[in-house]
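What follows is each chain in one-letter form.
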Number of protein chains: 2
Amino acid sequence: MSMKAKITQASVLLFEEKGFSDTSIQDIVEAIGVTKGTFYYYFNSKEQLLMEIHLEYISDLLKRQQTILEKDHLSGREKLEAIIALLIHDIQNNGPSGRVFFREMRHLVEQNVDTIETQRDLFRLNIEQLITDSIEAGEFRQDLRADIVAFGVLGITNYSYNWFNPKGKMSADELIELFSSLLLEGIIPR
Amino acid sequence: MSMKAKITQASVLLFEEKGFSDTSIQDIVEAIGVTKGTFYYYFNSKEQLLMEIHLEYISDLLKRQQTILEKDHLSGREKLEAIIALLIHDIQNNGPSGRVFFREMRHLVEQNVDTIETQRDLFRLNIEQLITDSIEAGEFRQDLRADIVAFGVLGITNYSYNWFNPKGKMSADELIELFSSLLLEGIIPR
DNA sequence: TCCTTTATACTAACCGGTTGGTATGTTATA
DNA sequence: TATAACATACCAACCGGTTAGTATAAAGGA
């Protein structure tokens, strides 16, 4: 693994554990056995490192969301389930990055916040569009508000980053099935 | 308002805006025009201040949840809707405190984290129990897992702290109705 | 009632320690 | 030998917390 990737990986773990502000660059370089000179050879600032972590996280999610949305043979329901699965599986593979993404965005400079928020909003608006289309197609309830449903889906999945342990008794696939069933079928018996 | 209350209020707003670690005690006392000595007259440490903010927030929510659960004439559905309303309305009244609660708990010392987590878990387990009872009573779907539904309800509502603006076009009451409908009836038409 | 004591509510000044960042020096590799 | 990849040493600024001291008010005794 390249030194830059080592620095990034160690940073994510430390940022997750202690937060961005309480993690010093000294902490980061000590974790991988180098010195501050090395850090500033690869990054111009602590903030730039945080920005790269954010960009990597959200652009990866957007790319994978896009491949789901392009699968025209899938129904709206199947696409929605696939996006839920994308996010829940991501806890397993990218949990630390996700938690840093949700918690530490405020420490980016304003321009970078704008960039990240635009991409984050795009992910949400893609879900909203999927729901709008499915409502129009008659597959989803006519009286739903697509924006609120999108926020609901994201709320359920993103909150899981805070409690779901993929190594626990319940597997990611079970959780995906349960959340999909809850959202699609509702709590009240049919 | 007492000086201690002033300090707490100013702190919540600053913690929300800049985060706990990036808010210095100097920032807090400057916001209300006193000096650091005043701060340490009322608090033993910055951490103690954070703990009091946390305690006030969660104990208030628990108390109000309890009054809902005690209303025996309400159905499970009505109780669940009342708890959703409790949390959404709280964004309006206690948004800053809520965001500080969700984001800054890690900065408490271990013993205090335990205390807060126990109360936070109690809030969730109360919802879980309500759902378990309603499933057994046949009011809710038999194939639901109460724990997952509780996490789902909390995910949807707590995530709203991050995006819902009570002063925007949509009112809190509208949002409560939309979320209740989504969770209870589901996305797929009946 | 007067005077002493004590409590309250602060202020100003300071301390040891840490921070992000920089300037410069050294080493390995191609 | 030139450049990439580091290490070393350092700085000015800032941090949470402490301390000594002060003005005002309340309480208590002769």
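The shown structure was predicted, so the numbers you read here are calculated from the model rather than taken from an experiment. (Residues numbered from 1 in each chain as written. Chains lettered and ligands numbered in written order. Predicted model: local features only at pLDDT ≥ 70, side-chain atom pairs only at ≥ 80, totals over all residues. Heavy atoms only, no water.)

Visitor: Got a sec to walk through the relation of the copies chain A and chain B? Specific residues and values, please.
Guide: Superposing chain A onto chain B takes a rotation of 180° combined with a translation of 0.0 Å along the rotation axis, leaving an RMSD of 0.1 Å. Viewed as a symmetry operation, the transformation between the two copies matches a two-fold axis. Rotation axis and chain A: the residue whose C-alpha lies nearest the axis is Gly 186 of chain A, separated from it by 1.8 Å. Same-surface contact between copies: 100% of interface residues of chain A are shared with the interface of chain B. (Least-squares fit on C-alpha atoms with pLDDT ≥ 70 in both. Contact = heavy atoms within 4.5 Å.)

Visitor: How would you summarise the packing of aromatic side chains if you had to cite specific residues and measurements?
Guide: In total, this model carries 18 aromatic pairs over all chains according to the counting rule given. Taken together, a centroid distance of 5.0 Å and an interplanar angle of 85° make the contact between Tyr 41 of chain A and Tyr 42 of chain A edge-to-face. One aromatic cluster is present, built from ring pairs that chain together Tyr 57, Phe 101, Phe 102 and Tyr 161 of chain A. The ring centre of Phe 20 of chain B lies 4.3 Å from the NZ or CZ of Lys 46 of chain B, which sits over that ring. (Phe/Tyr/Trp six-rings, centres within 6.5 Å; stacked < 30°, edge-to-face > 60°. Lys NZ or Arg CZ within 6 Å of the ring centre and 35° of its normal.)

Visitor: Quick rundown of the protein's contact with DNA strand D? Include the residues and the values.
Guide: What surrounds DNA strand D is a group of 14 residues, the closest being Thr 38, Tyr 41 and Tyr 42 of chain A together with Lys 36 and Lys 46 of chain B. Expressed as a percentage, the sugar and phosphate content of the atoms of DNA strand D within 4 Å of the protein is 64%. Tyr 41 of chain A places a polar side-chain atom, nitrogen or oxygen, 2.5 Å from a phosphate oxygen of DNA strand D. Counting only elements with at least two residues in the surface near DNA strand D, the list comes to helix H3 (36-42) of chain A together with helix H3 (36-42) of chain B. Residue contributions to the surface near DNA strand D peak at four residues, all from H3 of chain A. The residue makeup of the surface near DNA strand D, split by class, is six nonpolar, six polar and two charged. (Near = heavy atom within 4 Å. Polar contact = N/O pair within 3.5 Å; in protein donor to acceptor, adjacent residues only side chain to side chain. Helix = DSSP H or I, 4+ residues; strand = E, 2+ residues; numbered from the N terminus. Nonpolar A, V, L, I, M, F, W, Y, C, P; charged D, E, K, R; others polar.)

Visitor: Explain the interface of chain A and chain B to me, using residue names and the numbers behind them.
Guide: Often, the extent of an interface is quoted as the loss of accessible area on bringing the components together. At the interface, 43 residues of chain A touch 43 residues of chain B. Roughly 3900 Å² is buried in total at the junction of chain A and chain B, and carbon and sulfur atoms are behind 65% of that figure. At the surface where chain A touches chain B, the tally comes to two salt bridges. On inspection of chain A and its partner chain B, the count reaches 27 residue pairs in polar contact (both at pLDDT 80 or more). Ranked by residue count, the leading element in the side of chain A that touches chain B is helix H7 (residues 146-160) of chain A, at nine residues. Taken together, the residues of the side of chain A that touches chain B sort by class into 21 nonpolar, nine polar and 13 charged. (Buried area = accessible area lost by both parts, 1.4 Å probe. Salt bridge = Lys/Arg side-chain N within 4 Å of Asp/Glu carboxyl O.)

Visitor: I'd like a rundown of the packing of helix H8 (residues 172-185) of chain A against helix H7 (residues 146-160) of chain B, residues and numbers included.
Guide: Where H8 of chain A contacts H7 of chain B, the axes come no closer than 10 Å and their chain directions differ by 65°. In this view, H8 of chain A runs roughly perpendicular relative to H7 of chain B, as classed from their interaxial angle. Our pair here, H8 of chain A against H7 of chain B, has a crossing hand that is right-handed. Contact with H8 of chain A, carried on its side by Leu 175, Leu 178, Phe 179 and Leu 182 of chain A, involves Ile 148, Val 149 and Gly 152 of chain B of H7 of chain B and no other residues of that element. Residue composition of the contact of H8 of chain A with H7 of chain B, grouped by class: six nonpolar, one polar and no charged. (Axes fitted to C-alpha atoms, helices over the stretch in contact; angles between N-to-C directions. Parallel < 35°, antiparallel > 145°, perpendicular 65-115°, else oblique. Left-handed = near helix turned anticlockwise from the far one by under 90°.)

Visitor: Provide a residue-level description of the side chain of Gln 65 of chain A, including the pertinent values.
Guide: Residue and element names in this part refer to chain A. Tracing the backbone shows Gln 65 in helix H4 (residues 46-69). By relative accessible area, which is 0% here, Gln 65 ends up buried. Apart from residues lying up to four places away in sequence, Gln 65 is in contact with Ile 83, Leu 86, Phe 123, Asn 126 and Ile 127. (Buried < 20%, exposed > 50% of the residue type's maximum accessible area, 1.4 Å probe, protein only.)

Visitor: I'd like to hear about H8 of chain A, residue by residue, with values.
Guide: The terminal C-alpha atoms of H8 of chain A, which comprises 14 residues, lie 20 Å apart, in line with the 20 Å expected from a rise of 1.5 Å per residue. If you check which residues of H8 of chain A are buried, you get Ala 172, Leu 175, Ile 176, Phe 179, Ser 180, Ser 181, Leu 182, Leu 183 and Leu 184 of chain A. Of the surrounding secondary structure, the elements contacted by the buried residues of H8 of chain A are helix H5 (76-104) and H7 of chain A together with H7 and helix H8 (172-185) of chain B. The positive-phi residue at the C-terminal boundary of H8 of chain A is Gly 186 of chain A, with phi of around 85°. (Expected span 1.5 Å × (residues − 1).)

Visitor: Explain the protein's contact with DNA strand C to me, and be specific about the residues and the numbers.
Guide: Around DNA strand C, the surrounding shell holds 14 residues, and the nearest of these are Lys 36 and Lys 46 of chain A together with Thr 35, Thr 38 and Tyr 42 of chain B. Sugar and phosphate atoms constitute 62% of the interface atoms of DNA strand C, taking the interface as everything within 4 Å of the protein. Contact distances for DNA strand C include 3.0 Å between a phosphate oxygen and a backbone N or O atom of Ile 25 of chain A. Side-chain polar atom of Tyr 42 of chain B to a phosphate oxygen of DNA strand C: 2.8 Å apart, as the coordinates give it. Those elements that provide at least two residues to the surface near DNA strand C are H3 of chain A together with H3 of chain B. Ranked by residues supplied to the surface near DNA strand C, first place goes to H3 of chain B with four residues.

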